[in-house]
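# Analysis of the macromolecular model
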Amino acid sequence: MTNNRLEWHALQPVTDGLQPPNAQAPDADISCFAAVQSRLYNGLTLLLQTPAKRPLMLIKMPENVEYQALLQDVMVELNDEEEAVLTGGAYDFSGTAVDLQPATSEQDNFASTGGIHRADWIENEQLFGCVRLWKENLVLEPGLVHKANGGTLILSLRALLAQPLLWLRLKQILTTQRFDWHSPDETRPLPVTIPSLPMKFRLILTGERDALADFQEMEPELAEQALYSEFEENIQIIDREALGLWMQWVLKVAASENAGPIDGDFWPVLIREAVRYTGDQDTLPLCPAWLTRQLQDAALHGDGTLSGESLGTALETREWREGFLAERVRDEILLDQILIETEGEMVGQVNALSVIEFPGHPRAFGEPSRISCVVHIGDGEFTDVERKAELGGNIHAKGMMIMQAWLIAELELDQQLPFSASIVFEQSYSEVDGDSASLAELCALISALSGQPLTQQIAVTGSVDQFGRVQPVGGLNEKIEGFFHICQQRSLNGSQGIIMPAANVRHLSLQQEVVDAVREGKFHIWAVSSVEEALPLLTGAEWDRETGPCLLKLIQERIAQITQQDARHRPWPLRWLNWFNQS
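Residues numbered from 1 in each chain as written. Predicted model: local features only at pLDDT ≥ 70, side-chain atom pairs only at ≥ 80, totals over all residues. Heavy atoms only, no water.

A few words now on the overall build of the protein chain. Helix and strand counts for the protein chain stand at 22 helices and 25 strands. The C-alpha atoms of the protein chain give 33 Å as radius of gyration, which overshoots the globular expectation for 583 residues (25 Å, by more than 25%). With the principal axes as the frame, the protein chain shows a C-alpha extent of 125 × 70 × 40 Å. Relative to its 583 residues, the protein chain shows a buried fraction of 48%. As displayed, the protein chain has an accessible area near 29,100 Å², and 49% of this comes from carbon and sulfur atoms. (Helix = DSSP H or I, 4+ residues; strand = E, 2+ residues; numbered from the N terminus. Rg over C-alpha atoms; globule rule 2.2 N^0.38 Å. Buried < 20%, exposed > 50% of the residue type's maximum accessible area, 1.4 Å probe, protein only. Areas by Shrake-Rupley, 256 points an atom, 1.4 Å probe, with all protein chains shown as cover.)

The element strand E1 (residues 56-60) is largely enclosed, with a buried count of five among its five residues. In E1, alternate side chains face the same way, and those of Leu56, Leu58 and Lys60 on one face and Met57 and Ile59 on the other are all buried. As defined by bridge partners, E1 adjoins strand E12 (residues 227-230) across four bridges and the pair is classed as parallel. Residue Leu58 lies in a different strand from E12, and its bridge partner there is Tyr228. (Pairing = 2+ DSSP bridges.)

A word on the environment of Ala159. Residue position: Ala159 is located in helix H6 (residues 157-161). Taking C-alpha positions, Ala159 is 35 Å from Gly434, a pair spaced 275 residues apart along the chain. Among residues more than four places away in sequence, those in contact with Ala159 are Asp120, Trp121 and Ile122. (Contact = heavy atoms within 4.5 Å.)

Our next topic: the pattern of salt bridges. All told, the structure shown has 17 salt bridges when counted by the stated rule. A salt bridge links Arg276 to Glu481, with the shortest nitrogen-to-oxygen separation between them at 2.6 Å. Remark: Glu481 occurs in helix H18 (residues 476-489) and Arg276 occurs in helix H11 (residues 266-278); sequence separation between them is 205 residues. Judged by its relative accessible area of 22%, Arg276 falls in the partly exposed class. Take Glu481: its relative accessible area is 5%, and that puts it in the buried class. A salt bridge links Asp516 to Arg519; its shortest N-O distance comes to 2.6 Å. (Salt bridge = Lys/Arg side-chain N within 4 Å of Asp/Glu carboxyl O.)

This brings us to the confidence of the model for the protein chain. Per-residue confidence for the protein chain gives a mean pLDDT of 87, with 93% of residues at or over 70. Considering each helix and strand of the protein chain separately, the mean pLDDT is smallest for helix H22 (residues 574-582), with a value of 49, and largest for strand E25 (residues 524-528), with 96. (pLDDT = per-residue confidence, 0-100.)

Attention now moves to the environment of Val74. With respect to the helices and strands, the residue Val74 is situated in helix H3 (residues 65-79). Residue classification places Val74 among the buried residues on the basis of a relative accessible area of 1%. Considering only alpha carbons, one finds Val74 and Ile30, 44 residues apart in sequence, at a separation of 6.5 Å. For Val74, the residues in contact, after removing those within four places along its chain, are Ile30, Phe33 and Leu44.

In structure tokens:
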């Protein structure tokens, strides 16, 4: 039973011997970006090299200011290697005519030297400029497309999809490489004819996956010809070099936000929180918005220097500030309004683990759930009460059917199972979905069939396949901490703990108080790979063995007993009764 128990050092990412990076060199920004975003860097470089053939690039990335600002900074550094070329023209209004001459100076009203320009949201005049008639004088005001003439324009795809007419005009400019002036009032034409302006620029559209899909459906030919790349949200930490690269990336984000100096003890705390964010000890986030928030919060709780203590205080304060709902749910359990037992044994009852996400609430939190199972003599039907009550989702129903299939295959019956079972999430009043409780449901079913009690001191999470293997699930940190806090407030007795999938060990980044309790032997976490490994921890009995009692034999004996009783009490066939009466 102790072979599956995790040691405390497996519950958080390893940060021992971590070497803080040196101060970033002034010219290291572009090389850092090229290293952590190699695919995107390649696409941006290619866009600058072939502006005439491929003036459009689509980039999958979140549409917020931090991402666009970062993209603009990189493009500026790449563009600095090119020599600025004067483009555009000079409009001259004389009498009743407007004349256009090629630009000879940067001071010309519609001259441009290219550059990198961006906008998160755009309106018609902001993008295309406008024509104004003031005291019989014609005034032409440039827009973003005029400033980006000869350069690159970065726009939000969401903004264009919300304003289709803007996109249609922008598409015309992009394909014809000319800008035509239009009257802002469709009922009133322009007072004079204004010559069209030669215009050539590169266009980068950024958006989430669904926005890119809408654009692809709307403009299939353009989308097919456009360059495509993605901003990678995470980096895989495969060695010390990759970790150092990530730390340099954090320094780059910190420099862009003018954050204070970073102490060495800041990094382990940031890495533990980063693992909670990504859900993987070998994956760290590159999201500038998330990193900026951690840096800013740490600065607010420090004295100008970013330290482990300031970031730890910021994280604890944030959790407390956002923890009202989690505390109320926990109070309901502690006041016995939601019945969760953390001591003793029960037949057919087990503690499962759930993650609760309330709409409009920023933080998911873990909550133990009581699953119960009762069996009775029947025709072998397994009743999923959640499904019957239309409170169970399709994935939950799939998990139920899979675990039933494993059990029936293990029993190797020659006839139909003479028992029927009913499984339910007790005190559940909303939809239940997901298969992360299928291991717990299977253990409750086996307990009810065998009559062997389950300990209530251990909670279970994990899904199972048709071969009894335990598969990984999500939300492990929140699930474990949710059960731990209930046990802690009821007093830890040294026997309580969690059974979780072995494949989920790499996802752990638990709160320090949980790690300390495991180190002191007050709380335990077991990682299992199969149903056979979980059952002894919960029941004290093995599932199957050649000699001695086991759960499988208990169930088979009970089935045989019921089958024999059923045979003895089975009524005589009618033809036999007629024969006796005649004789």
